[in-house]
Amino acid sequence: MAVVTGKSQRWRIAAAHVGLWLLIAVTLFPLLAVVSISLRPGNFATGSLIPTEISLEHWRLALGFSYTQADGVVVQPPFPVLLWLWNSIKIATISSLLIVSISTTAAYGFARLRFRFKSTILNSMLLLQMFPVAVALVAIYAIFEAIGGFIPWLGIETHGGLIVAYIGGVAMHIWTIKGYFETIPTEIEECAKVDGATSWQTFYRVLLPMAVPILMVVFVLAFIGTIIEYPIASVLLREEPNLTLAVGSKYYLYEQRYLWGDFAAAAVLSGLPITLVFLAAQRWIVSGLTSGGVKG
Amino acid sequence: MLVALGLLWLTFGIYASGQALWAMLILTMGALSLYVYVSSRTLAWRYLFPGVMAMLVFVAFPLVYTIQIGFTNYSSNNLLSEERARGYLLEQADVNESRAFAFTVHPDGKNVRVVLAPQGEGAPAGGYISPPLSLTGRIATPVLMQAWAGEQELGQPYTLRQIIERRDALMSLRLTLPNQSMLLYAGLHEFAAFEPLWQGQAGGALKRLADGVVYQPSRDTGYFEDAQGQRLQPGFKVGVGFANYARLFGDPDMRGPFVSIFIWTVVFAGLTVLFSTAIGMTLAVLLNWEALKYRTLYRTLLFLPYAVPGFISILVFKGLFNQNFGEINAILDAVFGIKPAWFADPTLAKTMILIVNTWLGYPYIMVLCTGLIKSIPADLYEASAIAGAKPLTNFFRITAPLIVKPLTPLLISAFAFNFNNFVLISLLTDGRPDYLNTKLPAGTTDILVSYTYRIAFTDAGANFGLAAAISTVIFFLVAILSLANLKFSQSKDQRKGGH
């Protein structure tokens with residue numbers, strides 16, 4: 001549109017730029033600060049934002065190496081960050097795979113097959129998903145304690161139990177995949193049926209290969225969702241070697257033992273890959289956002 | 001088929017251990033899955049079953065179970081069922097010092113023999129000897145002792161140190177005397193008869209053998225009690241009706257903190273949504289301004305707080321706000337010469353929480369509003385430009401009215417989400433600083449969910465029942481919000497359908 005730009009317009013643009021940069025500075029300050037702190041020697045040195053002296057001691061500790069101070073004292077890594085990262089990745093990968101396979105089949109059922117109470121089930125799923133997990137923690141704890149009495153590898157303090165607990169959160173993903181399935185024309189599947197394919201064959205051989213992109217998206221979403229999950233993990237896992245990153249990270253910042261620099265390195269190390277994945281998946285996440293999901 | 005058999009075996013195991021309810025549940029689930037995958041009439045359910053089952057078991061069931069726990073006295077004192085609490089008490093035993101024997105361990109080839117000798121004044125003569133034993137690992141079977149009066153030569157007895165080395169094996173020994181009484185390890189020098197403290201009575205009561213006092217199980221309080229109301233530990237789990245709710249709303253010591261926490265929860269969620277909407281919407285409008293350059297760059301940079309995992313950015317803020325070592329106070333100190341105690345002062349702590357949560361929350365609103373503004377037809381702005389409208393008029397007359405309707409249900413979800421934003425409170429302040437002189441610890445920055453978590457998992461007593469009662473209250477609040485939300489989006493859909 002062609003609008004005449006006057007002098008006041010130029011002033012306004014300049015003001016907008018200044019305002020935006022100020023806000024960006026405030027927004028990025030914590031992120032930049034943590035990078036600089038991770039490179040600064042000592043655990044509570046308050047120095048300039050751009051470190052005058054670069055030290056890799058925190059990074060060595062975060063990567064699991066010990067570090068020798070100038071006075072000859074050997075500092076051992078305070079926490080097994082890499083083990084926690086591995087735990088997180090292991091749990092997130094397995095549960096995301098399970099979530100994708102479960103929600104894909106369910107979404108196929110909802111999108112293509114006819115049965116009674118379909119819309120009732122779909123709506124109650126949405127309603128159920130609105131209840132935050134954090135509120136049912138007591139029950140979840142009690143349930144897994146009971147399960148653990150019979151199947152030890154699914155009880156408290158096990159990764160199996162945590163993975164199983166995460167499978168419950170499939171409603172959003174079922175909706176996403178269902179929406180995608182509904183955009184694929186049914187003619188192709190009908191042709192396959194005419195050729196004598198069973199329902200499972202049409203699903204597995206015809207529909208699924210066409211839906212690979214959305215499955216990737218759902219996998220990434222589920223992966224990020226489980227990696228940043230804190231409440232359930234904090235209830236089910238208590239022992240240090242078992243923890244996930246989300247639960248373990250807070251141990252760096254105890255009042256009595258304040259490992260600010262070490263935390264900064266561990267945070268950058270573990271946060272950067274997740275952030276990059278998130279930015280890469282941003283396009284799909286944003287389209288999913290408008291349908292009502294909120295990130296924690 | 002194998003799966004079905006496995007499930008059946010599991011069910012039986014659970015049933016055998018006395019958990020009939022759980023066994024029934026698993027049996028029903030197993031039968032249902034078998035039916036779904038074998039019957040030809042349930043084609044659709046073959047696809048739905050795993051997903052729907054997962055939601056029922058791990059989302060719906062915990063909700064129902066939470067409500068149920070809210071009506072019980074489930075806590076660390078009342079953890080066990082009545083039978084298991086009784087079983088635990090019946091297992092309690094005391095050493096009978098008058099029937100203790102000194103023991104020595106003698107090598108016998110590769111094995112050892114344990115010799116018991118009577119001790120104390122007026123002890124009966126004659127000891128006992130065990131068959132050759134191998135003192136490695138735990139010894140599960142009872143060892144039959146034989147009467148012995150020193151007939152055969154034995155090696156030198158083990159020294160104290162050698163005994164300590166084999167203590168684990170010795171502790172697992174159960175020595176049976178010819179008169180069938182059982183002796184257990186009772187210290188580095190003696191084996192002694194253990195006598196049970198309690199005896200089961202008809203009707204589930206317990207009698208203390210020492211003085212004959214009978215403790216009746218009380219299904220109202222969940223404890224074994226004597227006539228004077230003295231309680232035994234541990235108690236057991238019973239239904240207590242509305243006692244938890246009565247305590248929550250009736251007991252002034254509970255109600256005070258509960259009401260303040262509730263008010264702060266609403267204020268916190270409301271202000272968070274208000275601030276992030278104000279910033280997010282302004283940014284969305286600004287970044288939609290075509291005269292502005294570098295908009296994509298700005299948008300990406302401003303989106304960053306959303307991309308960083310929440311648990312990391314919250315902890316980063318926790319460090320930055322630290323009173324003595326934090327960068328924020330370093331800057332404030334350098335510029336204004338002040339060092340606010342962000343974590344010790346309730347008002348400052350609340351301010352900090354709102355600052356952090358606005359930082360975390362505005363990109364979400366910004367992304368939402370950007371999408372909504374894009375869908376506004378451009379000719380509306382052209383018309384207003386021809387009419388000579390100023391940007392502010394544009395915003396209040398065109399943009400705001402058009403995006404407010406689709407935005408409302410999303411803002412309600414955001415409110416509901418922050419109402420239960422456990423991660424933020426738990427990682428940033430953990431609810432602290434606490435209120436002084438409350439019975440159960442309660443924090444000034446606690447919101448309802450984090451308060452529930454503290455009652456259930458961190459403070460002494462682990463009062464699951466009370467925590468579940470609060471959770472139930474939260475359920476109803478969330479349900480009301482969700483229904484309001486559904487109504488908003490439905491009325492929107494209907495309007496769409498009408499066009």
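Just so we're clear, the structure is a prediction, and the values are computed from it rather than from any experiment.

Calculation criteria
- Residues numbered from 1 in each chain as written.
- Chains lettered and ligands numbered in written order.
- Predicted model: local features only at pLDDT ≥ 70, side-chain atom pairs only at ≥ 80, totals over all residues.
- Heavy atoms only, no water.
- Helix = DSSP H or I, 4+ residues; strand = E, 2+ residues; numbered from the N terminus.
- Buried < 20%, exposed > 50% of the residue type's maximum accessible area, 1.4 Å probe, protein only.
- Contact = heavy atoms within 4.5 Å.
- Polar contact = N/O pair within 3.5 Å; in protein donor to acceptor, adjacent residues only side chain to side chain.
- Pairing = 2+ DSSP bridges.
- Patch = residues over 30% accessible without salt bridge, like charges linked within 9 Å, V, L, I, M, F, W, Y side chains within 5 Å.
- Areas by Shrake-Rupley, 256 points an atom, 1.4 Å probe, with all protein chains shown as cover.
- Salt bridge = Lys/Arg side-chain N within 4 Å of Asp/Glu carboxyl O.
- Buried area = accessible area lost by both parts, 1.4 Å probe.
- Domains from an automatic or database assignment.
- Phe/Tyr/Trp six-rings, centres within 6.5 Å; stacked < 30°, edge-to-face > 60°.
- Core = buried A, V, L, I, M, F, W, Y, C linked by side-chain atoms within 4.5 Å.
- Expected span 1.5 Å × (residues − 1).
- Bend = angle between axes of the 7 residues up to and from the residue.
- Axes fitted to C-alpha atoms, helices over the stretch in contact; angles between N-to-C directions.
- pLDDT = per-residue confidence, 0-100.

### Some words on the environment of Thr-104 of chain B
Residues and elements named next belong to chain B.
Phase 1 of the analysis: Its place among the elements puts Thr-104 in strand β1 (residues 93-108).
Phase 2 of the analysis: For Thr-104, a relative accessible area of 31% puts it in the partly exposed group.
Phase 3 of the analysis: Separated by 158 residues in the primary sequence, Thr-104 and Phe-262 place their C-alpha atoms 66 Å from one another.
Phase 4 of the analysis: If sequence neighbours within four positions are ignored, Thr-104 has contacts with Arg-113, Val-114, Val-115 and Pro-157.
Phase 5 of the analysis: One polar contact links Thr-104 to His-106, side chain to side chain, over a distance of 2.9 Å.

### Examining the pairing of strand β8 (residues 190-196) of chain B
Residues and elements named next belong to chain B.
Phase 1 of the analysis: Direction of pairing for strand β7 (residues 182-185) relative to β8: antiparallel, over a ladder of 3 bridges. Paired with Tyr-185 across the bridge in β8 is Phe-191.
Phase 2 of the analysis: From the end of β7 to the start of β8, which pair antiparallel, there are 4 residues, and Gly-187 there has a positive phi angle of about 130°.

### Digging into a nonpolar patch on the surface
Phase 1 of the analysis: A cluster of nonpolar residues, Val-259, Phe-262, Ile-263, Val-266 and Val-267 of chain B, forms a patch on the protein surface that exposes about 350 Å² of accessible area.
Phase 2 of the analysis: Tracing the chain through its elements places Phe-262 of chain B in helix α8 (residues 252-287).

### Quick notes on the interface of chain A and chain B
Phase 1 of the analysis: At the interface, 97 residues of chain A touch 89 residues of chain B.
Phase 2 of the analysis: Each partner contributes to the roughly 8500 Å² buried at the junction of chain A and chain B, and carbon and sulfur atoms together form 81% of this total.
Phase 3 of the analysis: When the buried area of chain A at its contact with chain B is split by residue, Val-135, Val-138 and Phe-150 of chain A rank highest and sum to 8% of it.
Phase 4 of the analysis: Applying the counting criterion to the chain A and chain B interface returns 0 salt bridges.
Phase 5 of the analysis: The interface formed by chain A and chain B includes 10 residue pairs in polar contact (both at pLDDT 80 or more).

### Section: the domain arrangement of chain B
Phase 1 of the analysis: Partitioning chain B into structural domains gives domain 1 (94-196) and domain 2 (249-498).
Phase 2 of the analysis: Distance between the C-alpha centres of domain 1 of chain B and domain 2 of chain B: 69 Å.

### Some words on the packing of aromatic side chains
Phase 1 of the analysis: Under the definition given, this model contains 41 aromatic pairs over all chains.
Phase 2 of the analysis: Between Phe-79 of chain A and Trp-84 of chain A the ring centres are 5.5 Å apart and the planes differ by 25°, which places this aromatic pair in the stacked class.
Phase 3 of the analysis: Using a relative accessible area of 8% as the deciding quantity, one classes Phe-79 of chain A as buried.
Phase 4 of the analysis: Taking 4.8 Å as the distance between ring centres and 55° as the angle between the ring planes, the aromatic pair formed by Phe-422 of chain B and Tyr-453 of chain B counts as tilted. One end of the pair, Phe-422 of chain B, is in helix α15 (residues 422-428); the other, Tyr-453 of chain B, is in helix α16 (residues 448-458), with 31 residues separating them in the sequence. For the pair Phe-422 of chain B and Tyr-453 of chain B, a shared accessibility class is recorded, and that class is buried.

### Some thoughts on the nonpolar core
Phase 1 of the analysis: Judged by nonpolar contacts, the single largest core of 162 residues is most densely connected at Phe-181 and Tyr-252 of chain A together with Phe-457 and Phe-464 of chain B.
Phase 2 of the analysis: At 13 residues, the largest contribution of residues to this core is made by helix α3 (residues 81-112) of chain A.

### Regarding the pattern of salt bridges
Phase 1 of the analysis: The tally for this structure, following the rule as stated, stands at 5 salt bridges over all chains.
Phase 2 of the analysis: The salt bridge partner of Glu-182 of chain A is Lys-178 of chain A, with a shortest N-O separation of 3.4 Å. Separated by 4 residues within a single helix, Glu-182 of chain A and Lys-178 of chain A lie in helix α7 (residues 171-183), roughly one turn from each other.
Phase 3 of the analysis: The closest approach of N and O atoms between Arg-454 of chain B and Asp-446 of chain B, which form a salt bridge, is 2.8 Å. Across this residue pair, the class does not change: Arg-454 of chain B and Asp-446 of chain B are buried.
Phase 4 of the analysis: It is possible to trace a salt-bridge network through shared partners that takes in Asp-434, Asp-446 and Arg-454 of chain B.

### Looking at the environment of Phe-475 of chain B
Phase 1 of the analysis: Structurally, Phe-475 of chain B is set in helix α17 (residues 464-498).
Phase 2 of the analysis: Residue classification places Phe-475 of chain B among the buried positions, given a relative accessible area of 5%.
Phase 3 of the analysis: Sequence separation of Phe-475 of chain B and Leu-271 of chain B is 204 residues, and the distance between their C-alpha atoms is 21 Å.
Phase 4 of the analysis: Contacts of Phe-475 of chain B, omitting those with residues within four sequence positions, involve Phe-131 and Val-135 of chain A together with Leu-63, Thr-66 and Ile-67 of chain B.

### Re the environment of Asn-78 of chain B
Residue and element names in this part refer to chain B.
Phase 1 of the analysis: Relative to the helices and strands, Asn-78 is located in the loop between α3 (43-69) and α4 (82-91).
Phase 2 of the analysis: For the pair Asn-78 and Gln-228, spaced 150 residues apart in sequence, the C-alpha to C-alpha distance is 20 Å.
Phase 3 of the analysis: Aside from chain neighbours lying at most four places away, what touches Asn-78 is Asn-73, Thr-221, Gly-222, Tyr-223, Gly-235, Phe-236 and Lys-237.

### Description of helix α14 (residues 391-419) of chain B
Phase 1 of the analysis: The end-to-end C-alpha distance of α14 of chain B is 34 Å, clearly below the 42 Å that 29 residues give at a rise of 1.5 Å each.
Phase 2 of the analysis: Its maximal kink placed at Val-404 of chain B, α14 of chain B deviates by approximately 50°, while the proline Pro-406 of chain B follows within four residues.

### Quick word on unusual backbone geometry
Residues and elements named next belong to chain B.
Phase 1 of the analysis: In this chain, Arg-432 is followed by Pro-433 through a cis amide linkage whose omega measures -5°.
Phase 2 of the analysis: Within the secondary structure, Pro-433 is located in the loop between α15 and α16.
Phase 3 of the analysis: Despite not being glycine, Asp-430 has its phi angle at roughly 60°, a positive value.

### Notes on the sheet that holds strand β10 (residues 206-208) of chain B
All names here are of chain B.
Phase 1 of the analysis: Sheet architecture is open: 4 strands sit in the order β9-β10-β11-β12, paired in antiparallel fashion. The sheet is open, and its two borders are formed by β9 (198-200) and β12 (223-225), each paired with just one other strand. Within the sheet, the average angular offset between the axes of one strand and its neighbour, ignoring direction, is 30°.
Phase 2 of the analysis: The sheet contact formed by strand β11 (residues 214-218) and β12 spans 3 bridges and is antiparallel. Its bridge partner lying in β12, Gln-216 is registered against Glu-225.

### Examining the confidence of the model for chain B
Any region with low pLDDT has predicted coordinates that should not be read closely.
Phase 1 of the analysis: The pLDDT averaged across chain B works out to 80; a share of 90% of its residues lies at or above 70.
Phase 2 of the analysis: In this model residues 494-499 of chain B is a low-confidence stretch, pLDDT under 50, and it forms 1 contact with partners more than four residues away in sequence or in other chains.

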